[in-house]
Amino acid sequence: EYSICNTMADSIRIKISNSKPGNATNVLIEFKNEGSLPVVGSINLPVIRGNADTTLVIGFNKNNGSKEQKGKIKAEIISCDQKDSNPQTVYGSWKNSNWAGNPSQADEDVLNLSIYPNLRLMNKLQDTICSEETFIYTPQSNIGGVVFSWERASVYGIDETYNTGVGAINERLTNIDNMPVTVQYVYTLTTDFCPTPVTDTVTVVVLPKLPLTLTHYPTDGSIITFGTPITIVSNTTPNIYVKYRYSVGNTLIYKDDPDGGEYEYKIFEFNDGEFNTVQVTAINEYGCEVTGTEIFRASYNLPNLITPNENTNKRLLKNYDIQVFNRWGSELYHGKDGWDGTYRGSLVPAGTYLYILKYKQPNGNVLIMKHSVFVKY
């Protein structure tokens, strides 16, 4: 039994012995293969000296397939001229005979041989991920029974240090540089039938994903009038990010920003007096995303008191589309002249009333708000 780990071109050695004192000349040996082994041509030896051994070297090219080549090689003597100590005794031009004396005895040898293919990784060897993503790679070789071990040197721009492992790779890689960084893993493939380990490489390009800073104005808790927006300011490294994506409630807005850097987005509609959340996603030139959240709270400058019998504050929201209701839901007023606290020409009783305001924002959307007002005499 013999095996070759055919990482590179390899060879086997076969010993031929001449047990007689006289030289054997013009020895022609033919090889016949069985199984999937590659064909080996015949070999002609000018001489095999008496009482001596001769070693034949049979070379094999790389097995670049994915399967083991296995079978038998038969070495057969096709012809030779053999002279023993008696010059008168000559044997020649015979096949399957032993070297001297009795041509009826076959001189044949059989070698059981396995040639394993060139070991290598078979699956995808290069990938691209964004910073802070996990690089996952499960090695697969062209044959079974392989043990995979890997190592990765420390790389400038990657915040992970030198690392090693066995089998699959599962590493979270963070690129702290402004440019793509290439990380290379070196795999060592080891088998029982290969005396020398084989190496192969796996490469991943880690794209940058730089920090995103969000602010807003007016400041938190501001009282603002209609038409005054809350402005979200997105800060990134200049000329890196090319697109921003804003999510306000269920509204998703994409906005291109070819110059990168700072971009402002104005929000005209928000929950009055409550905390409002805006999600901002910055997408850089490599397609990598980073998401941040900005929370703000502001109140519209809505009146909550009218005094119909006094000289000031006599009307509610003149020049705005409003509806006024009593506590039972009956409509008391609808118009844009401003409610003066009357219903059908008479002042309503003092107390709290509900009103609905409709206002067309500068962005074209209609803002509908519900609020209460107290009528005081």
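So, how was this worked out
- Residues numbered from 1 in each chain as written.
- Predicted model: local features only at pLDDT ≥ 70, side-chain atom pairs only at ≥ 80, totals over all residues.
- Heavy atoms only, no water.
- Phe/Tyr/Trp six-rings, centres within 6.5 Å; stacked < 30°, edge-to-face > 60°.
- Helix = DSSP H or I, 4+ residues; strand = E, 2+ residues; numbered from the N terminus.
- Buried < 20%, exposed > 50% of the residue type's maximum accessible area, 1.4 Å probe, protein only.
- Lys NZ or Arg CZ within 6 Å of the ring centre and 35° of its normal.
- Pairing = 2+ DSSP bridges.
- Axes fitted to C-alpha atoms, helices over the stretch in contact; angles between N-to-C directions.

1. Describing the packing of aromatic side chains
Here is step 1 of the chain: A full pass over the atoms with the stated rule returns 10 aromatic pairs.
Here is step 2 of the chain: On the basis of an interplanar angle of 75 degrees and a centroid distance of 5.4 Å, the ring pair of W150 and Y185 is categorised as edge-to-face. Placement of the pair is W150 in strand 11 (residues 147-152) and Y185 in strand 14 (residues 181-190), with a sequence separation of 35 residues. The burial state of W150 is the same as that of Y185; both residues are buried.
Here is step 3 of the chain: A connected cluster of aromatic rings, assembled from ring pairs, spans F135, W150 and Y185.
Here is step 4 of the chain: Its guanidinium or amino end placed over the ring of W328, R327 lies 5.6 Å from that ring's centre, counting from NZ or CZ.

2. Here's the deal with the sheet that holds strand 18 (residues 230-235)
Here is step 1 of the chain: Taken in spatial order, the three strands line up as 16-18-21 in an open sheet, and their pairing is antiparallel. Only two strands of the sheet have a single neighbouring strand rather than two, namely strand 16 (213-217) and strand 21 (263-267). For this sheet, the mean angle separating the axes of adjacent strands, direction not counted, is 20 degrees.
Here is step 2 of the chain: Bridge analysis of strand 16 against strand 18 gives five bridges, and the strand direction is antiparallel. Across the sheet, residue T213 finds its bridge partner in strand 18, namely N235.

3. Observations regarding the pairing of strand 29 (residues 351-360)
Here is step 1 of the chain: As defined by bridge partners, strand 25 (residues 321-325) adjoins strand 29 across five bridges and the pair is classed as antiparallel. Among the inter-strand pairings, V324 is bridged to a residue of strand 29, identified as Y355.
Here is step 2 of the chain: Of the pairings in the sheet, the one linking strand 29 to strand 30 (residues 366-375) comprises 10 bridges and is antiparallel in character. Looking at the pairing, L354 lines up with S372 of strand 30.
Here is step 3 of the chain: Taken together, strand 29 and the strand that follows it, strand 30, pair antiparallel across an intervening segment of five residues, in which G364 is found at a positive phi of about 95 degrees.

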